[in-house]
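Take a look at the letters that make up each chain.
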Amino acid sequence: MIVPKEIASLMPYQPGKPISETKRELGLSQVYKLASNESPLGPSPRVLAALAQALPEIHRYPDGACFEMRQALAQHYQVPPDWLIFGNGSDELVDMMVQIYCRPGEAILTSQGAFSAYEISAKSVLVTPLHAPLTADLRFDLKAMASMLKSDPRIRMVFLPNPNNPTGAYFTDGEFAQFMMVAGQKDIFVVLDEAYLEFVRAKDYPVGREYQKRYPNILLLRTLSKSFGLAGLRIGVLIAPPEICAVINRVRKPFNINSLAQAAAVAAVADHDYVQRLTKLTWSGLDYFYAQLTEMGFKFWPSQGNFVLFDTGVDGDEAFQKLLRLGFILRPVKGYGFKTHLRLSVGLAEENALVIQAIRKAFRGC
Ligand SMILES: Cc1ncc(COP(=O)(O)O)c(C=O)c1O
């Protein structure tokens, strides 16, 4: 069978290297993973209790409508329950949206250096991913994106991760307002991927939900993988007008959110203390990284997420291997066009101190 060229050219998404695999391969007894922007706090105790309570029911199919989780998340996000649709991770929602709203030969628009899930979803259904150039300081160029939108009628959806992964950069309220003057007039969707929303500190960050009230073609993508510590249970959330949710619901697999995930989500959004602790830890971890990377003379890009991108000055894969041999898994980002960079996720304070020691040893020889 012939494989379409779009599929043949797809590079599979590269997840962070698992701890168990690293221990096995390198014969290390202690390995730290700071590669996947996960919560270093572990799961919330309230989530663990909810999971224990849900376990005796796992012989039954989950609630396909996610009733309780829907109520809890509607309250948490301050939206009506019928404005929500859920995915097995937000990447499943991206898949469904592209599959529904783009035909082969049409295009999605994002930026160079943007989170790669959109490109993979597009190519897998023979939709062309277009990438606007990044600015010199690795920020999205929303003006260039607006020009591309004006001139290319193939574009059906725009994907804007804010902040972006792996750069950590964000676009401002002013920049987004200008962009929406163009995008708001067009028969396209603008997907604001706010996976790291809870970690954002920037005062001029655009409030997606407020824009959505003004522009019905904005869809908001959220996840419980980051600030709620549920990456392993795969819960993505789309906030969209009910008529859009109803369309996506036609292609959604009926039980895409399993029963344990649903129980965990209800408990997770009720645990405000967990999110607060994690946010504080993230901010202090980032500030610590900035200070240490500055002291060691590395270029880095300030981040609104729970990770920081820095330039090691040597080949990124080599840099990754050097740290791996010292027992630290970071994320190489060559696939995003950042040849000498690594992405470092914030860990617990002691893990942060240890990884900085390892970086010093690997690249500064002390
Ligand atoms: C910008 C961005 N969006 C979405 C996701 C994926 O979230 P999920 O775990 O819900 O698929 C990530 C994960 O790294 C991300 O960085």
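Residues numbered from 1 in each chain as written. Predicted model: local features only at pLDDT ≥ 70, side-chain atom pairs only at ≥ 80, totals over all residues.

Focus on the overall build of the chain
Part 1: Of regular secondary structure, the chain possesses 14 helices and 13 strands.
Part 2: Seen through its C-alpha atoms, the chain measures out along the principal axes to roughly 60 × 55 × 50 Å.
Part 3: Considering the chain as a whole, with its 366 residues, one finds that 45% of them fall into the buried category.
Part 4: A separation threshold of at least 6 residues defines the contact pool for the chain, and within that pool the share at least 24 residues apart is 74%. (Helix = DSSP H or I, 4+ residues; strand = E, 2+ residues; numbered from the N terminus. Buried ≥ 20, exposed ≤ 12 C-beta atoms within 10 Å, placed from the backbone. Contact = placed C-beta atoms within 7 Å.)

Some details on the environment of Ser20
Part 1: Note on placement: Ser20 falls in helix α2 (residues 19–26).
Part 2: Given 9 C-beta atoms within a 10 Å radius, Ser20 is considered exposed.
Part 3: Between the C-alpha atoms of Ser20 and Phe199, which are 179 residues apart in sequence, the distance is 28 Å.

Quick word on the domain arrangement of the chain
Part 1: Assigned domains of the chain: these are domain 1 (5–42 + 273–364) and domain 2 (45–271).
Part 2: Taken together, the contacts link 31 residues of domain 1 with 28 residues of domain 2.
Part 3: For the side of domain 1 that touches domain 2, the elements supplying multiple residues, two or more each, are α1 (5–8), α12 (272–296) and β10 (307–311).
Part 4: For the side of domain 1 that touches domain 2, the element with the most residues is α12, which contributes 7 residues.
Part 5: Within the side of domain 1 that touches domain 2, the residues separate by chemical class into 15 nonpolar, 11 polar and 5 charged. (Domains from an automatic or database assignment. Nonpolar A, V, L, I, M, F, W, Y, C, P; charged D, E, K, R; others polar.)

Topic: helix α4 (residues 67–77)
Part 1: The set of residues buried in α4 consists of Met69, Arg70 and Leu73. Each buried residue of α4 sits inside an arc of 100 degrees when the element is viewed along its axis, so together they form one side. Opposite its buried face, α4 presents the exposed residues Phe67 and Gln75, each directed more than 90 degrees away.
Part 2: Residues of α4 that are buried make contact with β2 (84–87), β8 (236–239) and α11 (259–270).
Part 3: Taken from the residues just after α4, Gln78 is the one with a positive phi, measuring 60 degrees. (Arc of directions from axis to C-beta.)

A closer look at the site of the ligand
Part 1: Around the ligand sit 13 residues, and of these Gly89, Ser90, Asn165, Thr223 and Ser225 come closest.
Part 2: Counted by class, the shell around the ligand contains 4 nonpolar, 7 polar and 2 charged residues. (Near = placed C-beta within 6 Å.)

Points about the sheet that holds strand β12 (residues 331–332)
Part 1: The antiparallel open sheet is built from 4 strands, whose spatial order is β9-β10-β13-β12. Every other strand in the sheet has two partners, leaving β9 (299–301) and β12 as the edge strands with one partner each.
Part 2: Taken together, the 5 bridges between β10 and strand β13 (residues 341–345) define a ladder with antiparallel strand orientation. Among the inter-strand pairings, Val308 is bridged to a residue of β13, identified as Leu344.
Part 3: Helix-sheet contacts for α12 involve β9, β10 and β13, and the interaxial angle to β10 is about 10 degrees. (Pairing = 2+ DSSP bridges. Axes fitted to C-alpha atoms, helices over the stretch in contact; angles between N-to-C directions.)

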